[in-house]
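Structural overview
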Amino acid sequence: MHGKAAPWGVMRMLTKTLAQGRIFPALGADQRLTAAMRACAGWAAIEEHDKILDMSCGSGALLRRLNDQYRLTLCGMSESPEAAREAREGLPDADVIAARLEDIPWRDDTFDIVMLSAGLRGDARRVVGEAHRVLKAGGQFVLAAPLFSPKGEGNYTRREQMRLMQEAGFREVSFRASGLCGAIVGWKERK
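So, how was this worked out
- Residues numbered from 1 in each chain as written.
- Predicted model: local features only at pLDDT ≥ 70, side-chain atom pairs only at ≥ 80, totals over all residues.
- Heavy atoms only, no water.
- Buried < 20%, exposed > 50% of the residue type's maximum accessible area, 1.4 Å probe, protein only.
- Helix = DSSP H or I, 4+ residues; strand = E, 2+ residues; numbered from the N terminus.
- Pairing = 2+ DSSP bridges.
- pLDDT = per-residue confidence, 0-100.
- Contact = heavy atoms within 4.5 Å.
- Core = buried A, V, L, I, M, F, W, Y, C linked by side-chain atoms within 4.5 Å.
- Phe/Tyr/Trp six-rings, centres within 6.5 Å; stacked < 30°, edge-to-face > 60°.
- Lys NZ or Arg CZ within 6 Å of the ring centre and 35° of its normal.
- Axes fitted to C-alpha atoms, helices over the stretch in contact; angles between N-to-C directions.

The next thing to look at is the pairing of strand S7 (residues 181-188). Burial analysis of S7 places seven of its eight residues in the buried class, which makes it a mostly covered element. The pairing of strand S5 (residues 135-146) with S7 spans seven bridges and is classified as antiparallel. Residue pairing in the sheet places Ala144 in a bridge with Ala183 of S7. Here strand S6 (residues 170-176) pairs with S7 via five bridges, running antiparallel. Across the sheet, residue Phe175 finds its bridge partner in S7, namely Ile184. The hairpin formed by S6 and S7 contains four residues between the paired strands, and Gly179 there has a positive phi angle of roughly 65 degrees.

What follows concerns the confidence of the model for the protein chain. Residues of the protein chain with pLDDT of at least 70 account for 81%, and the chain-wide mean is 83. Contacts from residues 1-30, a stretch scored under 50 in pLDDT, to residues over four places away or in other chains number 22 contacts.

Ranked by size, the top nonpolar core spans 28 residues in total, and within it Ile52, Leu66 and Met115 carry the most contacts. Elements with a minimum of two residues in this core: helix H3 (35-43), helix H4 (61-69), helix H5 (81-90), strand S4 (111-116), S5 and S7. Tallying contributions element by element places H3 first for this core, with five residues. Beyond its immediate sequence surroundings of up to four residues, Ile52 is in contact with Ile46, Leu66, Leu72, Thr73, Leu74, Cys75, Phe111, Ile113 and Met115. One finds Leu53, Met77, Phe111 and Val127 within the second-largest nonpolar core, a separate group that totals 27 residues.

In total, this model carries two aromatic pairs according to the counting rule given. For the pair Trp106 and Phe111, a centre-to-centre distance of 5.5 Å together with 80 degrees between the ring planes defines the contact as edge-to-face. A single burial state applies to Trp106 and to Phe111, both of which are buried. Seen in terms of ring centroids, Phe141 and Phe170 are 5.4 Å apart; in terms of plane orientation they differ by 25 degrees. Their pairing is stacked. Here Phe141, found in strand S5, pairs with Phe170, found in strand S6; they are 29 residues apart in sequence, far enough to count as distant. In this structure, Lys51 packs its charged tip against the face of Phe111, placed 5.6 Å from the ring centre.

Next up on the list: the sheet that holds S6. Through backbone hydrogen bonds, the strands of a sheet pair up, either in parallel or in antiparallel fashion. Across the sheet, which stays open at both edges, the seven strands sit in the order S3-S2-S1-S4-S5-S7-S6 with mixed pairing between neighbours. Edge positions in the sheet fall to strand S3 (95-98) and S6, since each of these pairs with one other strand and no more. Neighbour-to-neighbour, the strand axes of the sheet open up by a mean angle of 15 degrees, direction not taken into account. Two elements, S4 and S5, share five bridges in a ladder whose sense is parallel. Opposite Ile113, over in S5, you have Gln140 as the bridge partner.

All right, on to the environment of Ala45 then. Looking at where Ala45 falls in the secondary structure, it is placed in the loop between H3 and strand S1 (51-54). Residue Ala45 is classed as partly exposed on the basis of its relative accessible area of 39%. Considering only alpha carbons, one finds Ala45 and Asp112, 67 residues apart in sequence, at a separation of 9.3 Å. Those residues in contact with Ala45, other than ones at most four positions away along the chain, are Asp50, Ile113, Gln140 and Trp187.

Okay, structure coming up:
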């Protein structure tokens, strides 16, 4: 590029890469996190002392990373009792339980942020409804949405996921790209 300006496409790509490095500096280097986990954490509007629910925490990798970065109240769910036990061992101050996505055992209006990095499955309408129920007014739901997901039984298109969120009562529902996996973000209306 001796003396010539870089083509606009290259500049836009570099700018986006640099911006993502600033937005997700602590999360980008952590290889324990999947692309879906990084997308959820990267687009969540996390503030100190928030109460966060990871609906698909598995063995707790995302919760551990958030615990390292912020002072939060962390809760997690895993459909596997063994994974939930492993997450509890790694995060003794977190409230981690084995539960199904369709049956969140916390009270209404409990969380500032709810994240689901495993994607919608099962009774998707009920899963999204449960996320809405446990969020405080003004709370945020962040749902991982792979950039490339095959249409088929049990898979929902990005548009279908966004529609389900809107039907459940989420406002300002939007898709945000982040590497190989983006996130669909919606807000519970303030009262």
